[in-house]
Structures are given as structure tokens and as C-alpha cells.
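Working through the structure, step by step
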Amino acid sequence: MYARQIPKSLLHTLRPTRFTSALGVMSVLVVAACAVDAPSGLHSPAPSSSLQTLGVTSESRLGSASQFAVLGASTVTCTGAGTNTGNVGVSPGSSITGFNPDCTLTGTLHAADNLAASAQADAATAYGSLSAKPCNVTYGTVQELGGLTLTPGVYCFPSSGQVSSGTLTLNGLGRFIFKVASTFITSTGTSVILTGGARCDSIYWLVGSSATLGGPVAGNILAYTSIGLDTGARLRGRAIALNGAVTMSGQNAVSICG
């Protein structure tokens, strides 16, 4: 029991997926119970002895948040030259600064409008739904991921996760869920690469506090607080901060997953 409670503002957005079979209904009830009673959904049950290959289901979809490359809650800031492919939005805050001409945008800015609000609600739903998934592998305290090759599954970190050296390889067709209770950090000179049919839209980084990106990363980053991209950092996926800011420091490239 090491992560904070999911706040009521997130819990009221959780919407269970409909299933036609009785077994599906029972599964939804179990997930809903875990999401309410568990601390922030980032805790882990007893780890499975083997990895489970997971397909992408409706409960993991980001809904209207999938239209955004960058989505913040308080502010979104881009300094220096950078490129963003996909919409950029903020809600409930309204401040988006640094785009066109400094940071080029292929997409639309959405500051505190209905689409940005809907996207934040859908992102919170996805965060709660995915974080309720049982762990296949649970690591120790601060876990170094550089040099590892991982296959689809649910990976849990009771403290922090980092890629401070080398390359993290995600290999195989299926869903990767990384549940990090505290911080997630990648350092300059590192990378996250995809092989064996792995797709960036099937990768989810659920971060209990804040994410800081230095090296290239793939996947959807849903941070409870904030996301910062250091100078030169690149993200193929989405940067979504549920309660704080997204800050891009210069020469960044964020390209939405297709």
C-alpha cells in the first residue's frame, strides 16, 4: 500500500465498459471495486508468475484525449523551437504559450474549451481503468529500465522508474502498461525503442506524480501531476498531465500516435 488514494474528482469519471457475457459483467464489477478501494490504483496485487499478452480493449482507449499530442491541466508552455503534431490543449486552466511561430503546431490549440475539458475527463477515466489492472511483474524501489527487453504486460513500480543509461526495448504485439507510483525519468542519451510489432498507441505510462523526459520515449504518458520535456527530448505518443502543467524546454518534438 504505497500510492495515494485516487481523488474523488477522478473516481467520478470512471465508466465501466459494457460486456455482453456474464463473465464480462463480473470482471467490470471487480475492476470498479478495486478502483474505489485501492490507493490511486498504482498498488499491485500478488504478481503473476508469467506475463499476459494483452489486447487493446475499449476500456483502455483515451476517448477524446486521443486527439491531443499535449494536454495539460494548469498550463502548457513551449519555449525555443519545437514541433508538435496533434492538438495541444489545457483544462481547467487556460494558459497555452509559445506556439506559432516559436514552436510549430500541426493541429489546433484548445484552451479551456469543451473539447479540452472532455479530453481531461476521458484521460482520467483511462488512468483509473488502466491502473486497476493487476500486475504481471512488480519491481523494487527505484528501478532502472535501461538495457531491458520487455514483452507486453503490466509492470508495477512501488517507487520510481527510470531509463538513465542505454536502451529500453519493448518487443511484441500487445499492450504495455507501466504503473509508476512516484516519478518516471529518462535521461539524455537513452532511448525507448519498439520491436516485434509493438505500437506506441498500445503503451501507457501511468505516473503517480511527475514525468521528466530527456531521451526519446514512445507511448502515452498520463501523469497525475506534471510532465517536463528537457531540451531535445522527443516523444512519439501523448503527454497528458491530469492536474498540473506540461512544459517543453526547447527543440522538442511530440508526435501523436496513430
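This text follows the structure it describes.
Position numbers for residues start from 1 in each chain and track the written sequence from start to end. Local features in this predicted model are restricted to residues whose pLDDT is 70 or higher, and side-chain atom pairs enter the listing and the counts only when it is 80 or higher, whereas totals over whole chains, interfaces and linings include all residues. Side-chain descriptors were evaluated using all non-hydrogen atoms of the structure, hydrogens and water having been removed beforehand.

1. Side note on unusual backbone geometry
The omega angle of the peptide bond from Ser 91 to Pro 92 is 10°, so this bond is cis rather than trans. Residue Pro 101 is bonded to the preceding Asn 100 through a cis peptide linkage, with omega at 15°. Mapped onto the elements, Pro 101 comes out in the loop between β5 (95-97) and β6 (103-106). Even without being glycine, Ala 112 reaches a positive phi, approximately 55°. In this fold, Ala 112 is placed in the loop between β7 (109-111) and α3 (114-131). Non-glycine residue Gln 251 carries a positive phi angle of around 55°. The way it works is that DSSP assigns letters per residue, a run of H or I at least four long becomes a helix, a run of E at least two long becomes a strand, and they are numbered from the N terminus. Among the structural elements, Gln 251 can be located in the loop between β22 (246-248) and β23 (253-255). The exposure class assigned to Gln 251 is exposed, which follows from its relative accessible area of 52%. Only protein chains enter the accessibility calculation, which uses a 1.4 Å probe; a residue whose area is less than 20% of its type maximum is buried, one above 50% is exposed, and one in between is partly exposed.

2. Details of the sheet that holds strand β18 (residues 211-213)
Taking strand neighbours across the sheet as the criterion, the eight strands line up as β5-β2-β22-β20-β18-β15-β12-β9 in an open arrangement whose pairing is parallel. Across the chains shown, the open sheet's two edge strands, defined by having one partner strand only, are β5 and β9 (143-144). Judged from the three bridges that link them, strand β2 (residues 75-78) and β5 form a sheet pairing that is parallel. Bridge assignment links Thr 77 to a residue of β5, and that residue is Thr 97. Note on pairing: DSSP must find at least two bridges between two strands before they are called paired.

3. Points about the pattern of salt bridges
We count a salt bridge whenever a side-chain nitrogen from Lys or Arg sits within 4 Å of a carboxyl oxygen from Asp or Glu. Scanning all chains against the criterion turns up one salt bridge. The partner of Asp 201 in a salt bridge is Arg 199, with the nearest N and O atoms 2.8 Å apart.

4. A few points about the nonpolar core
The set of buried Ala, Val, Leu, Ile, Met, Phe, Trp, Tyr and Cys residues whose side-chain atoms join them within 4.5 Å is what this entry labels a nonpolar core. Of all hydrophobic cores here, the largest spans 41 residues; its most connected members are Val 76, Phe 99, Phe 178, Trp 205 and Ile 221. The contact rule is simple, with two residues in contact once any of their heavy atoms fall within 4.5 Å. If sequence neighbours within four positions are ignored, Val 76 has contacts with Val 70, Val 88, Gly 89, Val 90, Ser 95, Ile 96, Thr 97, Phe 99, Val 246 and Met 248. Judged by nonpolar contacts, the second largest core, of 19 residues, contains Ala 119, Tyr 204, Leu 206 and Leu 222.

5. Details of the packing of aromatic side chains
Paired rings are identified among Phe, Tyr and Trp, the last through its six-membered ring, by centres lying within 6.5 Å, and are further divided according to the angle between planes into stacked (under 30 degrees), edge-to-face (over 60) and tilted (the rest). One pass over the structure, following the stated rule, counts six aromatic pairs. Considering the side-chain rings of Tyr 139 and Tyr 155, the 6.4 Å spacing of their centres and the 15° angle between planes classify their relative orientation as stacked. In this pair, Tyr 139 is assigned in the loop between β8 (137-138) and β9 and Tyr 155 in strand β11 (residues 153-157), connecting sequence segments 16 residues apart. You'll find Tyr 139 and Tyr 155 in the same group, each marked buried.

6. A closer look at the pairing of β6
Alternating positions in β6 separate cleanly, Cys 103 and Leu 105 being buried on one face and Thr 104 and Thr 106 remaining unburied on the opposite face. In the sheet, strand β3 (residues 82-85) pairs with β6 via four bridges, with the strands oriented parallel. The residue bridging Gly 82 from the neighbouring strand is Cys 103, located in β6.

7. Here we look at the side chain of Arg 238
Position of Arg 238 among the secondary structure elements: in strand β21 (residues 234-241). Residues scored as charged are limited to Lys and Arg (positive) and Asp and Glu (negative), so that His and the chain ends carry no count. Buried charged residue Arg 238 carries no salt bridge. Nearest counter-charge: Asp 201, at 6.5 Å. Polar contact is defined as a pair of N or O atoms within 3.5 Å, subject to the rule that within protein one atom must be able to donate a hydrogen and the other to accept it, and that residues adjacent in sequence are counted only when both atoms are side-chain atoms. Side-chain polar atoms of Arg 238 contact the backbone oxygen of Ser 66, separated by 3.0 Å. Looking at Arg 238, its side chain comes within polar contact range of the side chain of Asn 220, at 2.7 Å. Those residues in contact with Arg 238 that sit more than four places away from it in its chain are Leu 62, Ala 65, Ser 66, Phe 68, Ala 69, Gly 219, Asn 220, Ile 221, Ile 256 and Cys 257.

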